[in-house]
Amino acid sequence: MELNTRAVHAGREDLTDLGLHAVPIDLSTTYPARDSREEAARLDRAAAGVELGDNPIYGRVGNPTVARFERALADLEGAESAVAFATGMAALSACLLAVAAQGKRHIVAVRPLYGTSDHVIGSGLLGTEVTWSTVDSVKRDIRDDTGLVIVESPANPTLSEVDIRAIDVDVPVLVDNTFATPVLQRPIELGADIVLHSATKYLGGHGDVLGGVVACDEEFAGRLRTIRMATGGILHPLAGYLLLRGLSTLPIRIAHASRTAAELAHRLATIPAWPGSTGRGT
Ligand SMILES: *Cc1c(COP(=O)(O)O)cnc(C)c1O
């Protein structure tokens, strides 16, 4: 199926069998347990990062509505899995903690990054250390204890771009894809390993929901779930519902915003006094 179609169906595959059109919102904080020994074993599996499905014991461990959004976003990014968080910053923090927990405290990052990302990485607030690099020198700046390479493209707010394909390293490469969205750029197809979104922006699209999400392979997703369960930065089920709903109009919104931006650029280019204008349009 083409991306426009998948955006409408992903995460909703079972709705026809359930006899539903809209996605159910599960607001449970706790779930009934029938067998306490089995329950304890499932909690251990959850702490080890296993996704528990429809009966996730406790709301901080997982949520079926949020899991639908995660499956849909993973599908659109061409990733094995996705893990959702309360905000984009909670998502980035979990990535930093996940590598630091394995003793890989060194990060190689390319500026510009979103301001708060720059702050949390640059300040070492979460116990990581950064080398600020450029696309050309990323390889040289990698050390034995480097856990992640981090780039953002296009960057917020400067729209500066990075050639993701040009970063060819053995360390996991994380791309903040918030501004492009999977409609315009799928970093995993370009060789990246981890895709981060502030879902607050285009994925939500209506200015009424905060969220973050990381698309990656199942191994890293498991480590992120372990961090999420321990630190509690979960996405609320209502936010999960709104974000899943947002995905169904994402391709249409991005196409329209792109057309509008191109028209605006064209008109600005015809204003003789505008910097860079040819006076003739683009
Ligand atoms: C907004 C933003 C973030 C942070 O996301 P929050 O949801 O505000 O925590 C990270 N990266 C980019 C590119 C952003 O635009």
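Refer to the structure printed above.
Worth saying up front: this structure is predicted, and the values here are computed from it rather than measured.

Caption draft 1: The site of the ligand, seen in detail. Close to the ligand lie Thr-87, Gly-88, Met-89, Tyr-114, Glu-152, Asn-156, Asp-176, Thr-178, Ser-198, Thr-200, Lys-201 and Gly-211, which account for all nearby residues. Here Asp-176 contributes a side-chain N or O atom positioned 2.7 Å from a nitrogen atom of the ligand. In this structure, Thr-200 approaches the ligand through a side-chain N or O atom, which is 2.7 Å from an oxygen atom. In isolation the ligand exposes 380 Å². Once the protein is present, 93% of that is buried. Among the residues forming the shell around the ligand, the class breakdown is two nonpolar, seven polar and three charged.

Caption draft 2: Summary view of a nonpolar patch on the surface. A cluster of nonpolar side chains, Ile-25, Leu-27 and Leu-238, forms an exposed patch at the surface whose accessible area comes to about 260 Å². Tracing the backbone through its elements, the reader meets Leu-27 in the loop between α2 (15-18) and α3 (36-47). Assessed through its relative accessible area of 53%, Leu-27 is described here as exposed.

Caption draft 3: Examining the environment of Arg-42 more closely. For Arg-42, the position within the fold is in helix α3. For Arg-42, a relative accessible area of 10% corresponds to the buried category. Taking the C-alpha atoms as reference points, Arg-42 and Met-1, separated by 41 residues in sequence, lie 35 Å from one another.

Caption draft 4: Inspection of the pattern of salt bridges at higher detail. Tallied over the full model, the rule gives 11 salt bridges. In this structure, Arg-6 and Asp-75 form a salt bridge, with 2.5 Å as the shortest nitrogen-oxygen distance. With Arg-6 in helix α1 (residues 3-9) and Asp-75 in helix α4 (residues 64-77), the pair connects residues that are 69 residues apart, well separated along the chain. Residue classification places Asp-75 among the partly exposed positions, given a relative accessible area of 28%. The partner of Glu-39 in a salt bridge is Arg-42, and the shortest N-O contact between them spans 4.0 Å.

Caption draft 5: Main features of the layout of surface pockets. Taken as a whole, the largest pocket encloses approximately 380 Å³ of empty space. Counting residues per element, the lining of the largest pocket draws most heavily on helix α10 (residues 237-269), which supplies four residues.

Rules and cut-offs
Residues numbered from 1 in each chain as written. Predicted model: local features only at pLDDT ≥ 70, side-chain atom pairs only at ≥ 80, totals over all residues. Heavy atoms only, no water. Near = heavy atom within 4 Å. Polar contact = N/O pair within 3.5 Å; in protein donor to acceptor, adjacent residues only side chain to side chain. Areas by Shrake-Rupley, 256 points an atom, 1.4 Å probe, with all protein chains shown as cover. Nonpolar A, V, L, I, M, F, W, Y, C, P; charged D, E, K, R; others polar. Patch = residues over 30% accessible without salt bridge, like charges linked within 9 Å, V, L, I, M, F, W, Y side chains within 5 Å. Salt bridge = Lys/Arg side-chain N within 4 Å of Asp/Glu carboxyl O. Helix = DSSP H or I, 4+ residues; strand = E, 2+ residues; numbered from the N terminus. Buried < 20%, exposed > 50% of the residue type's maximum accessible area, 1.4 Å probe, protein only. 1 Å grid on protein atoms, 1.4 Å probe; cavity = no way out; pocket = protein on both sides within 12 Å on 5 of 7 lines; lining within 4 Å. Points joined across faces, edges and corners; volume = space filled by probe spheres on them.

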